[in-house]
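Structure at a glance
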Protein chains: 2
Amino acid sequence: MSLCLSDCPLCRDPVHAPPEAGVQLLLQRPLYRVVRVLDDAFPAFYRVIWQAHVAEFSDLEAAERRACMDAVIAVERALREQLQPRKVNLATLGNVVPHLHWHVIARFDWDSHFPAPIWAAAQRPADAAQLATLEQALPALDRAVLAALQTLPD
Amino acid sequence: MSLCLSDCPLCRDPVHAPPEAGVQLLLQRPLYRVVRVLDDAFPAFYRVIWQAHVAEFSDLEAAERRACMDAVIAVERALREQLQPRKVNLATLGNVVPHLHWHVIARFDWDSHFPAPIWAAAQRPADAAQLATLEQALPALDRAVLAALQTLPD
């Protein structure tokens, strides 16, 4: 397991470098970091990024997979408790950036794409009032996500 | 943890009912079944379907999540060994059918959507020769996936 400080956009000194663009850093851990993605259409969108440069989830050892998935589940549970989303979507794709990262996205029947995946074509404009309410909930949501993650070992 | 024999299309008697349409059943286990999705555009597409009706991965206990993810990883590893795909995509969305199932999809730079997710718009026609070669590899791939799953406890 090694850090790769090459041109991979997710490979950076996890302590000293600023996080990648378009995200809000929530937590740095030795094995992973957690960010919120600044996505206007899907505000309750978090990402668990494995610090070491591996492409596939099956590149991790069993204990590492467990640590990673425990973080994903902690985020998912915080989203469910805070927001009661219609669904949570989990995915690790990495076709563009093949550095292991998990998407954790709260979905709502009023969002622009539901029930399609967020990567599909939009079905409608999102409900603006619901979206505004969700935006306002983000500070409390971030705190709940962070608190859930902090119950996990380092 | 209970089976729900309602109108959920993924809830069916796991022993006696035929599998849902559009898939090839590979393996039935008490906790999950594994199918190959009959998708002309993405032939190396498997699904691990949790037998009990739960919507979210975080509805499972830790040991259940581990058993489920061990199956996902076994499929992923068989795909990597047999096909050397450009990437493997893992996702549990469930917006349309909120019954826990994991997609495990081998991706290739010649496929119709790469590097976009399979749910996005196609980028190009797939390379027909590569697609035909992949189709021919499916029987051996199914055997390898099944063998990998059979190394796991029931």
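The structure displayed is predicted, hence computed values, not measured ones.

The rules behind each value
- Residues numbered from 1 in each chain as written.
- Chains lettered and ligands numbered in written order.
- Predicted model: local features only at pLDDT ≥ 70, side-chain atom pairs only at ≥ 80, totals over all residues.
- Heavy atoms only, no water.
- Helix = DSSP H or I, 4+ residues; strand = E, 2+ residues; numbered from the N terminus.
- Rg over C-alpha atoms; globule rule 2.2 N^0.38 Å.
- Buried < 20%, exposed > 50% of the residue type's maximum accessible area, 1.4 Å probe, protein only.
- Contact = heavy atoms within 4.5 Å.
- Areas by Shrake-Rupley, 256 points an atom, 1.4 Å probe, with all protein chains shown as cover.
- Lys, Arg positive; Asp, Glu negative; His and termini not counted.
- Charge placed at Lys NZ, Arg CZ, Asp CG, Glu CD.
- Buried area = accessible area lost by both parts, 1.4 Å probe.
- Salt bridge = Lys/Arg side-chain N within 4 Å of Asp/Glu carboxyl O.
- Polar contact = N/O pair within 3.5 Å; in protein donor to acceptor, adjacent residues only side chain to side chain.
- Nonpolar A, V, L, I, M, F, W, Y, C, P; charged D, E, K, R; others polar.
- Pairing = 2+ DSSP bridges.
- Axes fitted to C-alpha atoms, helices over the stretch in contact; angles between N-to-C directions.
- Parallel < 35°, antiparallel > 145°, perpendicular 65-115°, else oblique.
- Left-handed = near helix turned anticlockwise from the far one by under 90°.
- Core = buried A, V, L, I, M, F, W, Y, C linked by side-chain atoms within 4.5 Å.

Right, let's talk about the overall build of chain A for a bit. The helix and strand inventory of chain A stands at two helices and five strands. Counting from the amino terminus, chain A carries its helices and strands in the arrangement β-β-β-α-β-β-α. Computed over its C-alpha atoms, the radius of gyration of chain A comes to 15 Å, within 12% of the 15 Å expected for a compact globule of 154 residues. If you line up chain A on its principal axes, its C-alpha atoms span 45 × 30 × 30 Å. For chain A, with 154 residues in total, the buried portion stands at 53%. Here the analysis covers contacts within chain A between residues at least 6 apart in sequence; of these, 51% occur between residues at least 24 apart. When the accessible surface of chain A is summed, it comes to about 6,700 Å², and 54% of that surface belongs to carbon and sulfur atoms. Side chains of chain A give 14 positive and 18 negative charges; the mean places of these two sets differ by 5 Å.

On the side of chain B, 34 residues touch chain A, which itself brings 33 residues to the contact. Of all residues in chain A, the largest losses of buried area upon contact with chain B belong to E56, K87 and N95 of chain A, amounting jointly to 23% of the total for that side. Counting every contact that joins chain A to chain B gives six salt bridges. Among the salt bridges present, the one from R65 of chain B reaches D70 of chain A, with a minimum N-O distance of 3.7 Å. At the surface where chain A touches chain B, the tally comes to 24 residue pairs in polar contact (both at pLDDT 80 or more). Counting only elements with at least two residues in the side of chain A that touches chain B, the list comes to helix 1 (62–83), strand 4 (87–92) and strand 5 (101–107) of chain A. The biggest single contributor to the side of chain A that touches chain B is helix 1 of chain A, with eight residues. For the side of chain A that touches chain B, the residue count by class is 18 nonpolar, five polar and ten charged. Of the strand pairs in this sheet, strand 4 of chain A and strand 4 (residues 87–92) of chain B are connected by three bridges, and their pairing is antiparallel. The residue bridging L90 of chain A from the neighbouring strand is T92 of chain B, located in strand 4 of chain B.

This next bit is on the side chain of R47 of chain A. Residue and element names in this part refer to chain A. Within the secondary structure, R47 is located in strand 3 (residues 45–50). R47 sits in the buried class, given a relative accessible area of 18%. A distance of 3.3 Å separates the side chain of R47 from the side chain of H103, its partner in a polar contact. Once residues lying within four places of it in the same chain are set aside, the contact partners of R47 are V23, R33, V34, V35, V37, H101, W102 and H103.

Looking now at the packing of helix 1 of chain A against helix 1 (residues 62–83) of chain B. Running from amino to carboxyl end, helix 1 of chain A crosses helix 1 of chain B at an angle of 120°, the nearest separation of the two axes being 12 Å. As summarised for this structure, helix 1 of chain A and helix 1 of chain B are arranged oblique, according to the angle between their axes. Relative to helix 1 of chain B, helix 1 of chain A is oriented so that their crossing is right-handed. Contacts between helix 1 of chain A and helix 1 of chain B involve R65, R66, M69, D70, I73 and R77 of chain A from the first element and R65, R66, M69, D70, I73 and R77 of chain B from the second. Its residues placed into classes, the contact of helix 1 of chain A with helix 1 of chain B shows four nonpolar, no polar and eight charged.

Right, let's get into the pairing of strand 3 (residues 45–50) of chain B. For a regular strand, side-chain orientation follows a simple rule: the groups alternate between the two sheet faces. Residues and elements named next belong to chain B. Burial of strand 3 is extensive: six of the six residues sit out of reach of the surface. Alternating residues of strand 3 divide into F45, R47 and I49 and Y46, V48 and W50, and every residue in both groups is buried. Bridge count for strand 2 (residues 32–37) against strand 3 is five bridges, and the pairing is antiparallel. Following the sheet pairing, R36 is matched in strand 3 by Y46. Relative to strand 5 (residues 101–107), strand 3 is paired through five bridges, and the arrangement is antiparallel. Bridging across to strand 5, Y46 finds its partner in V104.

Turning to the nonpolar core, a few remarks are in order. Soluble, globular proteins show a tendency: their nonpolar side chains are buried together. Counting 77 residues, the largest nonpolar core has F57 and W102 of chain A together with F57 and W102 of chain B as its most contacted members. Discounting residues that sit within four places of it in the chain, W102 of chain B has contacts with L90 and W102 of chain A together with Y46, R47, V48, F57, C68, M69, V72, L90, A91 and T92 of chain B. With twelve residues, the next largest nonpolar core counts C11, F45, V97 and I105 of chain B among its residues.

Note on sheets: strands pair through backbone hydrogen bonds, and any given pair is parallel or antiparallel. If you trace the ten strands from one edge of the open sheet to the other, you get 1(A)-2(A)-3(A)-5(A)-4(A)-4(B)-5(B)-3(B)-2(B)-1(B), paired in antiparallel fashion. The sheet terminates laterally at strand 1 (23–28) of chain A together with strand 1 (23–28) of chain B, the two strands that pair on one side only. Here the strands of the sheet are splayed against their neighbours by 20° on average, with no regard to which way each runs. On top of the sheet, helix 2 (residues 128–150) of chain A reaches strand 1, strand 2 (32–37) and strand 3 of chain A; it is set at about 25° to strand 1 of chain A, its chief contact. Each of strand 1, strand 2 and strand 3 of chain B touches helix 3 (residues 138–150) of chain B; the most contacted strand, strand 1 of chain B, lies at about 25° to it.

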